[in-house]
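Read off the chains here:
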Amino acid sequence: MIEELEAGPEAGADALTPAALLASIRSARSVEDAAAARQLDLAARWADLHPPESIHSAASFAVAGCEHEEPIAGPGTPLVAEFCVAELGTVLGITSVSAKKLIGHALELRHRLPRLWAQVHAGSVPAWRARAVAEVTIHSTPALTVEAARFVDVQVAAIAGRIGPAQLDRLVAETIKRFDLAAADPAADPEDGYLHVDPRHVTIHDEDVHFAGTVRLEAEIDLADGLDLHQALAHGAATQKALGSQEPLNARRAKALGDLARTQTALDLHASGFEARSARTSTTDDLPAAREVVLHAHFDATMAGDATVLRPTGRLEEGQRLLLLDQLRSWCADSRTTVTVKPVIDLNQEKYSPGYDIPDRIRDQVILRDRTCVFPFCSRPARGCDVDHVTEYDHDADAQGRPQPGPTCTENLGALCRFHHRVKTHTAWRYDMVAPGVFEWTSPHGHRYRRDSTGTTALDPPDPKPPRIPSPRR
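What you see is a predicted model, and the numbers here were worked out from it, not measured in a lab.

**Some remarks on the sheet that holds strand β16 (residues 448-452)**
(1) Moving on: Overall, antiparallel pairing links the four strands, which are arranged β14-β15-β16-β17 in an open sheet. Each edge of the open sheet carries a strand with a single partner, namely β14 (430-435) and β17 (455-458). In this sheet, adjacent strand axes meet at a mean angle of 25 degrees when their direction is disregarded.
(2) Moving on: By the bridge criterion, five bridges tie β14 to strand β15 (residues 438-442) in an arrangement that is antiparallel. From the neighbouring strand, Arg-430 faces β15, where its bridge partner is Thr-442.

So, in structure tokens, the structure goes:
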């Protein structure tokens with residue numbers, strides 16, 4: 001029946017009975033789980049090929065930023081040469097961060113959670129469940145010793161990996177107490193045990209921006225602060241309703257939180273009342289100003305007579321997401337919002353600067369053209385990246401009367417995040433710009449990729465030429 005389904009509709013797959021279809025789906029899931037288990041094994045073996053002593057070409061560099069030993073799993077797992085994650089990620093079509101996590105999970109399971117590792121390869125526990133456990137044991141605070149991790153392994157393996165996040169957190173907390181790990185932490189309070197870890201935090205997930213221009217926020221705060229915040233949001237929502245707002249309660253509470261962010265930062269926390277503010281001393285003059293939030297929104301525009309017409313949707317650099325024009329208008333309508341309109345930069349006009357330093361006008365053009373780091377499959381926003389000379393700038397060319405091979409111009413510059421900038425500088429990875437904003441990369445093992453505004457395309461088969469051994473860069 002499976003072969004019949006794979007053959008397509010012309011072979012009668014549409015005539016499968018419900019039972020046969022469910023059996024085929026179950027079989028497909030088993031194949032998927034087996035492939036994921038094998039991928040974990042191969043990732044661990046890739047790490048085995050890249051121990052710290054494999055760092056040969058980069059080890060000779062005496063400059064900051066060279067490759068170093070990288071612990072990516074818990075204590076007791078082998079160290080891995082940092083830059084090996086880049087090539088694994090590109091072969092899999094994922095980011096280097098995701099490749100690093102894959103290797104870390106594989107090593108954590110193989111060396112610290114061996115029972116769970118065996119169950120994954122026996123097919124009794126899916127790889128995704130085991131990886132969820134490994135993620136928790138890797139990042140436990142305090143760190144789990146090898147013995148403590150083995151205790152977690154025994155407990156989880158006994159129930160074939162069927163454990164939810166809350167149960168896993170409780171198990172790790174019990175393990176920390178059982179092995180007295182909190183006492184070994186110099187910051188721990190012996191009477192508190194695991195509870196010495198301060199759970200308070202406020203996290204704004206600004207890398208996951210909704211197309212409507214919203215972000216998710218989660219927080220863990222003191223109970224008293226939580227009650228006060230609840231009261232303030234309720235008051236703000238009620239005030240908006242009294243002023244005529246027709247938005248639902250949750251939307252008004254969200255706006256009330258934004259109002260708090262914009263107004264509370266301007267308060268003088270050192271003094272209260274008119275007299276106190278009038279008597280301000282020099283010690284309060286160094287208070288920070290209200291925080292400035294900068295967003296970069298891009299909208300296409302057309303001319304209709306003398307009027308400029310903007311498209312209803314645009315692009316928000318922060319989070320690389322779509323943005324609605326109505327949402328942007330609502331932000332700009334706030335009386336406390338300062339709007340700055342920058343001139344349009346022609347991305348088709350090459351810009352040049354003598355010398356090595358990159359002026360802001362060229363940097364902005366590269367950022368707008370590339371949008372993200374131009375390494376294969378990397379998605380880090382270009383505005384937070386380095387701007388790299390694709391062909392190395394020769395600092396001695398002018399003094400020796402030679403033409404500059406790597407000029408500072410937009411045709412020789414690309415946005416690279418700091419990690420991939422170091423990968424390019426200190427390993428056998430190389431790239432060229434074959435057209436404005438179009439880059440072709442070659443990995444140490446000859447795999448080739450094209451990176452442009454549409455994303456990354458693999459250009460395999462690998463180049464048969466041997467890997468290039470890099471020379472020291474300036």
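Having seen the structure, we can now continue with the description.
**Looking at the pattern of salt bridges**
(1) Moving on: Inspection of the entire model under this criterion finds 15 salt bridges.
(2) Moving on: Where Glu-32 meets Arg-29, a salt bridge forms, and the shortest distance between an N and an O atom there is 3.7 Å. Pair noted here: Glu-32 and Arg-29 are both in helix α2 (residues 18-48), with a separation of three residues, about one helical turn.
(3) Moving on: Overlapping salt bridges bring together Glu-440, Arg-448 and Arg-450 as one network.

**Describing the packing of aromatic side chains**
(1) Moving on: The full count for this structure, using the stated rule, is 10 aromatic pairs.
(2) Moving on: Seen from their ring centres, Phe-151 and Phe-179 are 5.9 Å apart, and the 65 degrees between their planes marks the pair as edge-to-face. Here Phe-151, found in helix α7 (residues 146-158), pairs with Phe-179, found in the loop between α8 (165-178) and β3 (201-205); they are 28 residues apart in sequence, far enough to count as distant.
(3) Moving on: Classification of Phe-151 as buried rests on a relative accessible area of 15%.
(4) Moving on: Seen from their ring centres, Trp-429 and Trp-441 are 6.1 Å apart, and the 70 degrees between their planes marks the pair as edge-to-face. On the criterion of sequence distance, the pair formed by Trp-429 in the loop between α14 (418-426) and β14 and Trp-441 in strand β15 is long-range, its members being 12 residues apart. Across the pair, exposure class does not vary: Trp-429 and Trp-441 are buried alike.
(5) Moving on: One aromatic cluster is present, formed by Phe-375, Phe-377, Trp-429, Tyr-431, Phe-439, Trp-441 and Tyr-449 through successive ring pairs.

**Considering the nonpolar core**
(1) Moving on: One finds Ile-103 and Phe-375 to be the most contacted residues of the largest nonpolar core, which totals 67 residues.
(2) Moving on: Among the nonpolar cores identified, the runner-up in size contains five residues, and Phe-299, Leu-316, Leu-325 and Leu-328 belong to it.

**Re α7**
(1) Moving on: Between the first and last C-alpha of α7 there are 18 Å, a value that for 13 residues agrees with the 18 Å anticipated at 1.5 Å per step.
(2) Moving on: What α7 keeps buried is the set Ala-148, Ala-149, Phe-151, Val-152, Asp-153, Val-156 and Ala-157.
(3) Moving on: Next to the buried residues of α7 lie α4 (96-112), α5 (114-122), α6 (127-138) and α8.
(4) Moving on: Just downstream of α7 lies Ala-160, where phi reads positive at about 55 degrees.

**Points about the side chain of Glu-82**
(1) Moving on: Tracing the chain through its elements places Glu-82 in the loop between β2 (80-81) and α3 (84-92).
(2) Moving on: Polar contacts involving the side chain of Glu-82 include one to the side chain of Arg-422, which spans 3.1 Å.

Rules and cut-offs
- Residues numbered from 1 in each chain as written.
- Predicted model: local features only at pLDDT ≥ 70, side-chain atom pairs only at ≥ 80, totals over all residues.
- Heavy atoms only, no water.
- Pairing = 2+ DSSP bridges.
- Helix = DSSP H or I, 4+ residues; strand = E, 2+ residues; numbered from the N terminus.
- Axes fitted to C-alpha atoms, helices over the stretch in contact; angles between N-to-C directions.
- Salt bridge = Lys/Arg side-chain N within 4 Å of Asp/Glu carboxyl O.
- Phe/Tyr/Trp six-rings, centres within 6.5 Å; stacked < 30°, edge-to-face > 60°.
- Buried < 20%, exposed > 50% of the residue type's maximum accessible area, 1.4 Å probe, protein only.
- Core = buried A, V, L, I, M, F, W, Y, C linked by side-chain atoms within 4.5 Å.
- Expected span 1.5 Å × (residues − 1).
- Contact = heavy atoms within 4.5 Å.
- Polar contact = N/O pair within 3.5 Å; in protein donor to acceptor, adjacent residues only side chain to side chain.

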